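# Survey of secondary and tertiary structure
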Amino acid sequence: MISKKPSDIKSSEITDEQIFLNRRNFIRAGVLAGTTLATAGVYRFINPPPPKAVVTAEIQGITKPTDFRTEEKLNTFEEITNYNNFYEFSTSKTSVARRAENFITRPWTIEVGGLVQKPKTFDIEEILKFSQEERIYRFRCVEGWSMVIPWVGFPLKTLLEKVEPLGKAKYVAFQTLYDSEQMQSSFSAGIDLPYVEGLRLDEAVHPLTILATGLYGKQIPNQNGAPLRLVVPWKYGFKSIKSIVKITLTDNEPPTTWNIAAPREYGFYSNVNPNVRHPRWSQATENSIGEYTRRETLPFNGYPDEVAKLYEGMDLKKDF
Ligand SMILES: Nc1nc2c(c(=O)[nH]1)N[C@H]1C(S)=C(S)[C@@H](COP(=O)(O)O)O[C@H]1N2
Ligand SMILES: [Mo]
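A brief report on the enclosed structure follows. (Residues numbered from 1 in each chain as written. Chains lettered and ligands numbered in written order. Predicted model: local features only at pLDDT ≥ 70, side-chain atom pairs only at ≥ 80, totals over all residues. Heavy atoms only, no water.)

### What to know about the overall build of the chain
Worth spelling out the cut-off: Starting at the N terminus, helices and strands are each numbered in turn, a helix being any DSSP run of H or I of at least four residues and a strand any DSSP run of E of at least two. Throughout, exposure labels follow a simple rule: accessible area from a 1.4 Å probe, protein chains only, divided by the maximum for the residue type, with under 20% read as buried, over 50% as exposed, and the rest as partly exposed. The criterion used for residue contact is that any of the two residues' heavy atoms lie within 4.5 Å.
Assigned secondary structure in the chain consists of 11 helices and 12 strands. Within the chain, the fraction of its 320 residues that count as buried is 56%. When contacts within the chain are restricted to residue pairs at least 6 apart in sequence, those whose partners lie at least 24 apart make up 72%.

Structural data, given as structure tokens:
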């Protein structure tokens with residue numbers, strides 16, 4: 001995708017979140033709607049070339065457990081770091097890297113509280129000292145593209161245990177930093193900011209659910225959600241919230257950004273499911289970035305043995 005010329009971009013790839021955005025963003029809407037205006041020059045303005053490769057520090061002492069790793073071919077570092085959704089910086093996937101280049105991620109703290117015994121604000125440096133492991137996960141965006149990514153991180157459960165959730169805690173709410181000096185406005189992003197997400201507590205403490213601090217053995221680049229982002233591999237990518245500053249245990253289902261933006265199109269659970277259409281497109285196949293043919297999308301993104309039991313007795317026919 002990142003090597004595609006503007007003229008190669010099919011309208012079928014102008015996907016949901018972009019279409020949604022266009023309703024609000026008059027300038028971009030005008031450009032995209034006016035095909036006569038869609039000259040190479042205009043597209044180069046919207047999709048400038050990717051920046052030079054980011055260089056971040058090596059993470060020391062990463063363990064490589066043999067479970068939790070798919071054997072599929074990895075996407076390259078260049079693909080993973082130049083094709084991003086991070087609306088706070090840009091709604092153009094190929095522009096996020098450049099716009100996030102100078103994002104300030106130190107000092108950084110994560111406030112963990114709510115229904116817990118021991119609320120605590122963690123400094124990122126303390127979190128980076130937790131033992132870090134490599135997790136090679138499939139990643140499927142609701143828009144219909146996918147990658148295979150070698151994350152570095154640790155189970156979210158490790159962090160939650162440190163604050164001792166109370167018995168009445170049933171959900172975990174997450175919030176991204178919102179800094180209007182460094183990020184674009186809610187209006188130009190087309191979604192309410194700060195970005196918020198949530199999980200049920202049993203999903204949050206599932207061994208597959210991690211907080212990622214890196215990828216390809218190095219600290220996570222800004223565009224991928226530095227310095228700490230969630231990764232929930234069996235759910236659509238928008239659940240995997242970036243650049244987290246706050247985690248709150250609650251007894252109620254927390255509000256989530258894309259559900260607020262388009263409640264008929266994005267739900268709370270959002271488990272990857274080839275059999276449940278997005279209201280405007282099929283989820284049966286996916287554009288695996290870097291391959292020429294589309295792949296079949298798998299139930300729970302290929303993790304049914306691990307997670308299907310979390311949803312026993314739930315009707316997933318309408319889980320989008
Ligand atoms: N704060 C924040 N988190 C976010 C997003 C966002 O716009 N803002 N986009 C989500 C979506 S739609 C996807 S597909 C993934 C993309 O992650 P990646 O750029 O690391 O591939 O991040 C998710 N997390
Ligand atoms: Mo996404």
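### Quick word on the pattern of salt bridges
Counted only if it meets this: Between Lys or Arg on one side and Asp or Glu on the other, a salt bridge is scored when a side-chain nitrogen of the former is within 4 Å of a carboxyl oxygen of the latter.
The final tally for this structure, using the stated rule, is 17 salt bridges. Across the salt bridge formed by E143 and K93, the nearest N and O atoms sit 2.8 Å from each other. Residue E143 is found in the loop between β3 (133–140) and β4 (145–155), and its partner K93 is found in the loop between α4 (77–82) and α5 (96–99); the two are separated by 50 residues along the sequence. Note on accessibility: E143 and K93 belong to one class, buried. Residues K317 and D315 are paired through a salt bridge, measuring 3.5 Å at the closest nitrogen-oxygen approach. For the residue pair K317 and D315, the accessibility class agrees, reading exposed in each case. A cluster of three or more residues bridged by salt bridges with shared partners is formed by E72, R138, R140, E286, E291 and R295.

### Points about the site of ligand 1
What counts, and what does not: Near is defined per residue: the residue qualifies when any heavy atom it owns lies within 4 Å of the molecule or strand. We define a polar contact as two N or O atoms separated by no more than 3.5 Å, with the added condition that, inside protein, one atom must be a possible hydrogen donor and the other a possible acceptor, whereas residues neighbouring each other in sequence contribute only through side-chain atom pairs. The protein chains shown are the only cover counted for residues, whose accessible areas, like all others here, come from Shrake-Rupley with a 1.4 Å probe. Residues are said to line a cavity or pocket when one of their atoms sits within 4 Å of a point; the points come from a 1 Å grid over protein atoms alone, cavities being sets where a 1.4 Å probe fits but cannot get out and pockets being open sets with protein on both sides within 12 Å along at least five of seven lines. In this scheme, a molecule is assigned to a cavity or pocket if more than half of its atoms are within 2 Å of the grid points. Under the scheme applied here, ten amino acids are nonpolar (Ala, Val, Leu, Ile, Met, Phe, Trp, Tyr, Cys and Pro), four are charged (Asp, Glu, Lys and Arg), and all others, including Gly, are polar.
Around ligand 1 sit 18 residues in total, of which N84, Y87, E88, T176 and K242 are the nearest. Take N85: an N or O atom from its main chain is 3.3 Å from a nitrogen atom of ligand 1. At 2.9 Å, a side-chain N or O of T176 approaches a nitrogen atom of ligand 1. Surface burial for ligand 1 is 99%, taken as the share of its 530 Å² of free accessible area covered by protein chains. Judged by the proximity of its atoms to the pocket grid, ligand 1 belongs to the largest cavity. Looking at side-chain class alone, the shell around ligand 1 contains eight nonpolar, six polar and four charged residues.

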